[in-house]
Amino acid sequence: MPMDPVERFLTALDPHHRDVVGNRSREEQERLAAAWERELEADTELDSLDELSPSAAEAEAARRVLDREP
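How each quantity is defined
Residues numbered from 1 in each chain as written. Predicted model: local features only at pLDDT ≥ 70, side-chain atom pairs only at ≥ 80, totals over all residues. Heavy atoms only, no water. Core = buried A, V, L, I, M, F, W, Y, C linked by side-chain atoms within 4.5 Å. Buried < 20%, exposed > 50% of the residue type's maximum accessible area, 1.4 Å probe, protein only. Helix = DSSP H or I, 4+ residues; strand = E, 2+ residues; numbered from the N terminus. Expected span 1.5 Å × (residues − 1). Arc of directions from axis to C-beta. Phe/Tyr/Trp six-rings, centres within 6.5 Å; stacked < 30°, edge-to-face > 60°. pLDDT = per-residue confidence, 0-100. Salt bridge = Lys/Arg side-chain N within 4 Å of Asp/Glu carboxyl O.

Novice: I keep staring at the nonpolar core and nothing clicks. Help me out?
Specialist: Note on soluble globular proteins: their nonpolar side chains tend to be buried together. One finds Phe9, Leu13, Val21, Leu32, Trp36, Ala62 and Leu66 to be the most contacted residues of the largest nonpolar core, which totals 17 residues. Elements with a minimum of two residues in this core: helix H1 (5-12), helix H3 (26-42) and helix H5 (54-67).

Novice: Please clarify how H3 should be interpreted in this entry.
Specialist: Across its 17 residues, H3 extends 24 Å between first and last C-alpha, which sits within 8% of the 24 Å expected from 1.5 Å per residue. Taken together, the buried positions of H3 are Gln29, Leu32, Ala33, Ala35, Trp36, Glu39 and Leu40. Summarising the axial view, the buried residues of H3 lie within an arc of 160°, below the 170-degree limit, and thus occupy one face. Among the exposed residues of H3, those pointing more than 90 degrees away from its buried face are Glu27, Arg38, Glu41 and Ala42.

Novice: Sorry, what's going on with the packing of aromatic side chains here?
Specialist: Each aromatic ring pair is characterised by the separation of its centres together with the angle its planes make. Throughout the structure, instances matching the rule amount to one aromatic pair. Each ring, one from phenylalanine 9 and one from tryptophan 36, has its centre 5.8 Å from the other, and the planes form 55°; the classification is tilted. A residue pair is termed long-range when its members are at least 10 positions apart, and phenylalanine 9 in helix H1 and tryptophan 36 in helix H3 qualify at 27 residues. Relative accessible area serves as the criterion here: at 0%, phenylalanine 9 is assigned to the buried category.

Novice: Help me understand the confidence of the model for the protein in this model?
Specialist: Detailed conclusions should not be drawn from predicted coordinates in areas where pLDDT is low. Taken over all residues, the pLDDT of the protein has a mean of 88, while the share at 70 or more is 90%. Of all the helices and strands in the protein, helix H4 (residues 44-52) carries the lowest mean pLDDT, 68, while helix H2 (residues 15-22) carries the highest, 95.

Novice: Can you help me understand the pattern of salt bridges in this one?
Specialist: Once their charged atoms are close, side chains differing in charge can pair, the charge on each being opposite to the other. Applying the stated rule across the entire model yields 13 salt bridges. The shortest N-O distance in the salt bridge between glutamate 28 and arginine 24 comes to 3.4 Å. Assessed through its relative accessible area of 30%, arginine 24 is described here as partly exposed. Here arginine 63 makes a salt bridge to glutamate 60, at a shortest N to O gap of 2.5 Å.

Laid out in structure tokens, this is it:
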């Protein structure tokens, strides 16, 4: 598993969003990855999902972060 937060975030995205976010600046990618990490830490529902499927929890958190983007 990649250790870099941006790489982990990109891995959690579906292929289409991975390409879109991958084309953004590194600064923007880091901002989104930080929001993603906060989402994973703060949401208790994701804690339960993480116990069943860590990759599903990461994908759900990534989807939520992108849904909040303008």
